[in-house]
Amino acid sequence: MTIEDIQNEIIDEFSMFEDWEERYQYMIDLGKELPLINHQYKTDNNIIKGCQSKVWVHAEMDDDKLVFTADSDAIITKGIIAILIRAFSNQHPKDIIDADTSFIDKIGLKEHLSPTRANGLVSMVKQLKMYAIAYQTQLK
């Protein structure tokens, strides 16, 4: 599936819920299914700066696809990174770099987060794209 296909799937899933309480619960459930980062990668180098909670992200190449794993010490934040990893993991770095992130606005996520969590969300997206840039330069 392309990044856009996955994003559209996420938009459809979020539209099934009638209120944000249900959406938050869904995000918590997604966080429980998150491909967890190996303990050895839970280091300060892998913490996303700009998040109120601790969020660790690790990236590695598998063939020509970038695979992300992550964890967080907060359940909502874990759900947020799970959504992003679902959209961007197992994709070619160039596709991640070029990906539109408007699906975040379409599901209403940013407007339903506290300002500090919304800043953290932006930092998470930036970090995933930075990993993609770093790995893309290695492929050239």
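Identification of the chain as SufE family protein from Seonamhaeicola algicola is taken from an unreviewed UniProt entry. The Sequence similarities (unreviewed entry) field of the UniProt record for the chain holds the comment "Belongs to the SufE family."

K.L.:
Outline helix H6 (residues 115-139), listing residues and values.
P.N.:
The periodicity of an α-helix, 3.6 residues per turn, causes residues three or four positions apart to be oriented the same way. Taking 1.5 Å per residue, 25 residues should reach 36 Å; H6 reaches 36 Å between its end C-alpha atoms and fits that length. Along H6, the residues that are buried comprise Ala118, Gly120, Leu121, Ser123, Met124, Val125, Leu128, Lys129, Tyr131, Ala132, Tyr135 and Gln136. Residues of H6 that are buried make contact with strand S1 (55-62), strand S2 (65-72), helix H3 (75-88), helix H4 (93-98) and helix H5 (103-106).

K.L.:
Requested: an account of the layout of surface pockets, with residues and values cited.
P.N.:
By volume, the largest pocket amounts to about 180 Å³. Lining the largest pocket are 14 residues; nearest its centre among them are Ile3, Glu4, Gln7, Ala99 and Asp100. Mapped onto the lining of the largest pocket, the elements with two or more residues apiece are helix H1 (3-15), H4 and H5. Sorting elements by how many residues they give to the lining of the largest pocket places H1 first, with five residues.

K.L.:
Describe the packing of aromatic side chains, with residues and values.
P.N.:
We describe a pair of aromatic rings using the distance from one ring centre to the other and the angle between the two ring planes. Applying the stated criterion across every chain yields a total of five aromatic pairs. Note on phenylalanine 14 and tryptophan 20: the rings are 6.3 Å apart at their centroids and 45° apart in plane angle, and the pair reads as tilted. For the residue pair phenylalanine 14 and tryptophan 20, the accessibility class agrees, reading buried in each case. Joined through ring pairs, the aromatic side chains of Phe14, Phe17, Trp20, Tyr24 and Tyr26 make up one cluster.

Thresholds applied
Residues numbered from 1 in each chain as written. Predicted model: local features only at pLDDT ≥ 70, side-chain atom pairs only at ≥ 80, totals over all residues. Heavy atoms only, no water. UniProt positions renumbered as here; feature names shortened; annotations may be inferred. Helix = DSSP H or I, 4+ residues; strand = E, 2+ residues; numbered from the N terminus. Expected span 1.5 Å × (residues − 1). Buried < 20%, exposed > 50% of the residue type's maximum accessible area, 1.4 Å probe, protein only. Contact = heavy atoms within 4.5 Å. 1 Å grid on protein atoms, 1.4 Å probe; cavity = no way out; pocket = protein on both sides within 12 Å on 5 of 7 lines; lining within 4 Å. Points joined across faces, edges and corners; volume = space filled by probe spheres on them. Phe/Tyr/Trp six-rings, centres within 6.5 Å; stacked < 30°, edge-to-face > 60°.

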